[in-house]
Each structure stands twice: as structure tokens, then as C-alpha cells.
Amino acid sequence: VHVSAPFQCKAERKNLVLTLLIDVSDSMNTPSSLNNDTRSAPPTLFEVLKFGLEQMTESLKEGDIVNIITFSEDPSIKLENYTYNPADSTYLNTVRSLTTLSATDLEKGINEAYRVANKYYDSNHINRVVILTDAFANRGELDPTMIGQRTAINNQEGIYFSGIGFGEKFNESFLNELTEKGKGAYFSVASKSDAQRVFQDKFMALMNVAARNVRFRLEYPAVFKHGESAAEQSSKILSEVLPTNFSYNTSQYFWEQFKSSKEIGVLDQQISLRIFYTDPTTFTSRTEVYNKTIGELIDKER
């Protein structure tokens with residue numbers, strides 16, 4: 001099953017209240033293992049991060065509100081309640097002036113990011129906190145579940161939490177749990193080409209939700225036995241499958257294996273996919289149903 005969210009361009013989206021939480025700890029000085037320019041030494045993860053933030057000017061639009069908070073041992077506000085203007089160099093000057101410091105206290109950083117994000121929350125804007133990190137916290141609260149509670153509480157107010165993990169060996173499971181708690185998405189960046197792709201082509205996926213509280217239900221006939229699944233969670237009990245949010249300009253592929261001991265009449269059997277979700281604007285519950293016979297599905301790529 002291939003599910004695609006709607007496409008939305010920069011001109012169509014609402015303005016942002018974007019709070020960037022940037023890791024400036026020593027570990028971000030690690031050289032990137034992927035170098036797009038073989039004529040020079042590989043850039044550090046922090047240099048890749050700053051390059052990406054510079055590329056993000058192509059995704060921001062006039063009227064967006066930007067907050068920049070760095071965190072190492074203590075958080076520091078570098079840019080607050082700034083109204084983005086392409087003709088003004090304030091944002092780029094702030095990004096280019098960033099430097100690395102010492103240890104990583106992720107809990108303090110997240111607390112400060114949500115304090116600022118709540119301060120400038122605007123119900124007419126898209127409100128988002130995005131963390132940029134290698135996700136190797138070594139100070140403060142290290143349990144992703146405990147840290148995730150901050151994002152879950154604020155998620156009820158519409159401030160979702162997304163992430164960008166830097167380096168081939170960034171703590172992916174840690175960042176995945178954080179962004180799942182915050183109902184957002186995360187991407188990995190290992191090179192400058194990755195950074196350009198994420199901060200431009202994938203930017204909308206980090207920012208704008210197309211459907212909230214999404215769950216999928218696959219109904220199949222009794223002649224089939226459900227085998228393997230590529231799903232992160234799967235159950236016949238609704239409460240055992242956590243809902244997720246789907247962002248604009250994203251897609252997801254689901255793979256499920258079924259077996260049948262019968263051959264006659266199998267191609268006429270029908271499988272039904274039900275998609276349950278909440279409209280992010282009206283907050284009304286919606287359901288979409290897609291029915292296909294095995295004959296319509298077999299030997300098809302999607």
C-alpha cells in the first residue's frame with residue numbers, strides 16, 4: 001500500500017512561527033563522513049548544519065516568525081520573534097555567527113524552546129519546534145520518554161516537534177522517539193547535499209500537517225492468513241496502535257504478507273483499506289475507504 005499526502009508549495013502554506021533548537025555541543029564538531037567536495041577536507045557536522053540553515057532561506061517566506069535557540073550545557077536565545085524578510089540579513093548573520101561550546105543538556109534546551117514557542121504561539125500560523133542535533137545527550141534527563149512528555153503536552157496546543165539528525169551515526173532511535181512523542185517527522189543529514197535536500201525539498205514535511213491522528217485498518221477475508229508485516233505497530237486492538245500525523249509532500253509504503261491454502265476464487269477476494277484521521281483545520285473525524293480485489297492488486301508495483 002502506497003499512501004501519499006497532498007502536495008503544498010511555499011506560496012500556499014500559512015506563515016510559520018518556527019522555533020529552531022540548535023545543538024552547539026562539542027560532538028557537532030565531528031567531521032562528516034560524507035564529503036560532496038573531494039577537493040577539500042570534509043566539513044564538520046556543525047558546518048553542514050549551518051549550511052543547511054542558510055539553504056533554508058529558499059523555504060522561508062516573508063512574514064514567517066523565527067526563533068533561534070542554541071543549547072549545550074545551557075540554552076541561549078540567539079534570535080527571538082524575528083519577522084523574516086528576504087531583504088534583511090539578520091537571519092543569515094545570526095546563523096553565520098553560531099559557534100560550538102561544550103556538553104549537551106537536551107532537557108534544558110527543549111524546555112527553553114517550548115517556553116519561547118508558547119510565548120509567540122499564533123493560532124493563525126503553523127507553530128513548530130525543530131531540533132537540529134546528533135541526539136547524543138550527556139547532561140540532564142536522558143530518557144526520551146520523559147523528554148517527550150514536554151512535546152506531548154505542547155502538542156495539545158498545536159506546537160508539533162520535528163527533528164533533523166546530523167551524521168551517519170546520530171542517535172536515530174532517540175530522535176525517532178522524541179519526534180513520535182511530538183507528532184512530527186525527522187530526517188537525517190550526513191552531507192551538504194543532504195542538508196540542501198532537507199531544508200528545501202523536505203522542508204514542508206517538517207512543517208505542515210495534512211492529517212492528524214492517522215490510523216490504518218486493513219480488512220481481509222478469512223481465506224487469508226496474515227504473515228509478516230513491515231509496520232512499526234500492528235494489532236487487532238485499536239488502542240495498541242498509536243496514531244500518527246501525516247505531513248504535506250510525504251508518502252509512506254506499507255508492506256503486508258498474506259498466505260492462503262486455497263487457489264480457486266482467490267483472485268476475486270477483496271481487501272479493504274480504511275484510513276481514519278482528523279482534519280487539521282476543522283478537527284473533524286474523517287474516514288476514507290479503498291477496496292480492491294486480489295486480481296486488481298497482484299503483480300502490481302503499488
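These numbers come from a predicted model, not from an experiment. (Residues numbered from 1 in each chain as written. Predicted model: local features only at pLDDT ≥ 70, side-chain atom pairs only at ≥ 80, totals over all residues. Heavy atoms only, no water.)

Visitor: Help me understand the overall build of the chain in this model?
Guide: Assigned secondary structure in the chain consists of eight helices and 14 strands. Overall, the chain is about 70 × 45 × 35 Å in size when its C-alpha atoms are taken along their principal axes. Here the chain, with 302 residues, has 42% of them falling under the buried criterion. The long-range share in the chain, meaning contacts at least 24 apart out of those at least 6 apart in sequence, stands at 75%. Of the roughly 15800 Å² that the chain leaves accessible, carbon and sulfur atoms contribute 47%. Here the chain holds 32 positive side-chain charges and 39 negative ones, and the gap between their average locations is 4 Å. (Helix = DSSP H or I, 4+ residues; strand = E, 2+ residues; numbered from the N terminus. Buried < 20%, exposed > 50% of the residue type's maximum accessible area, 1.4 Å probe, protein only. Contact = heavy atoms within 4.5 Å. Areas by Shrake-Rupley, 256 points an atom, 1.4 Å probe, with all protein chains shown as cover. Lys, Arg positive; Asp, Glu negative; His and termini not counted. Charge placed at Lys NZ, Arg CZ, Asp CG, Glu CD.)

Visitor: Looking at this structure, I do not really get the sheet that holds strand β13 (residues 270–278). What am I missing?
Guide: In sheet architecture, strand pairing relies on hydrogen bonds along the backbone and comes in two forms, parallel and antiparallel. Spatial strand order, β10-β8-β13-β14: four strands in an open sheet with antiparallel pairing. At either end of the open sheet lies a strand with only one pairing partner, and these are β10 (244–247) and β14 (285–293). When the angles between neighbouring strand axes are averaged without regard to direction, this sheet yields 35°. Note that β13 and β14 share nine bridges and pair antiparallel. Considered in β14, the bridge of Gln270 is made with Thr293. (Pairing = 2+ DSSP bridges. Axes fitted to C-alpha atoms, helices over the stretch in contact; angles between N-to-C directions.)

Visitor: Is there a simple way to think about the packing of aromatic side chains in this case?
Guide: For any pair of aromatic rings, the description rests on two quantities: the centre-to-centre distance and the angle between the ring planes. Applying the stated criterion across every chain, the model contains six aromatic pairs. With a centroid separation of 4.7 Å and 55° between ring planes, the pair formed by Phe216 and Phe254 is classed as tilted. Residue Phe216 is located in strand β8 (residues 209–219), and its partner Phe254 is located in the loop between β11 (251–253) and β12 (256–259); the two are separated by 38 residues in the primary sequence. By relative accessible area, which is 28% here, Phe216 ends up partly exposed. (Phe/Tyr/Trp six-rings, centres within 6.5 Å; stacked < 30°, edge-to-face > 60°.)

Visitor: I tried to follow helix α1 (residues 45–55) on my own but got confused; where do I start?
Guide: Since the α-helix packs 3.6 residues into each turn, any two residues three or four apart lie on the same face. For α1, the tally of buried residues reaches eight of 11 residues, placing the bulk of the element in the interior. Where α1 is concerned, the buried positions are Leu45, Phe46, Val48, Leu49, Lys50, Gly52, Leu53 and Gln55. Structurally, α1 contributes buried residues whose contacts are with β2 (16–23), α2 (90–96), β5 (126–133), β6 (159–166), β7 (183–189) and α6 (192–201).

Visitor: Even after reading the chapter, I still don't get the packing of α1 against α6, so can you show me in this structure?
Guide: For any two helices packed against each other, the geometry is given by the interaxial angle and the distance between the axes. Contact pair α1 / α6: the axes reach a minimum separation of 8 Å and the direction vectors enclose 35°. Our pair here, α1 against α6, has a crossing hand that is right-handed. Here α1 contributes Val48, Phe51, Gly52, Leu53 and Gln55 to the contact with α6, which in turn contributes Lys192, Ala195, Gln196, Phe199 and Gln200. Classifying every residue of the contact of α1 with α6 gives five nonpolar, four polar and one charged. (Left-handed = near helix turned anticlockwise from the far one by under 90°. Nonpolar A, V, L, I, M, F, W, Y, C, P; charged D, E, K, R; others polar.)

Geometric descriptors of this kind do not, in isolation, establish any biological role.
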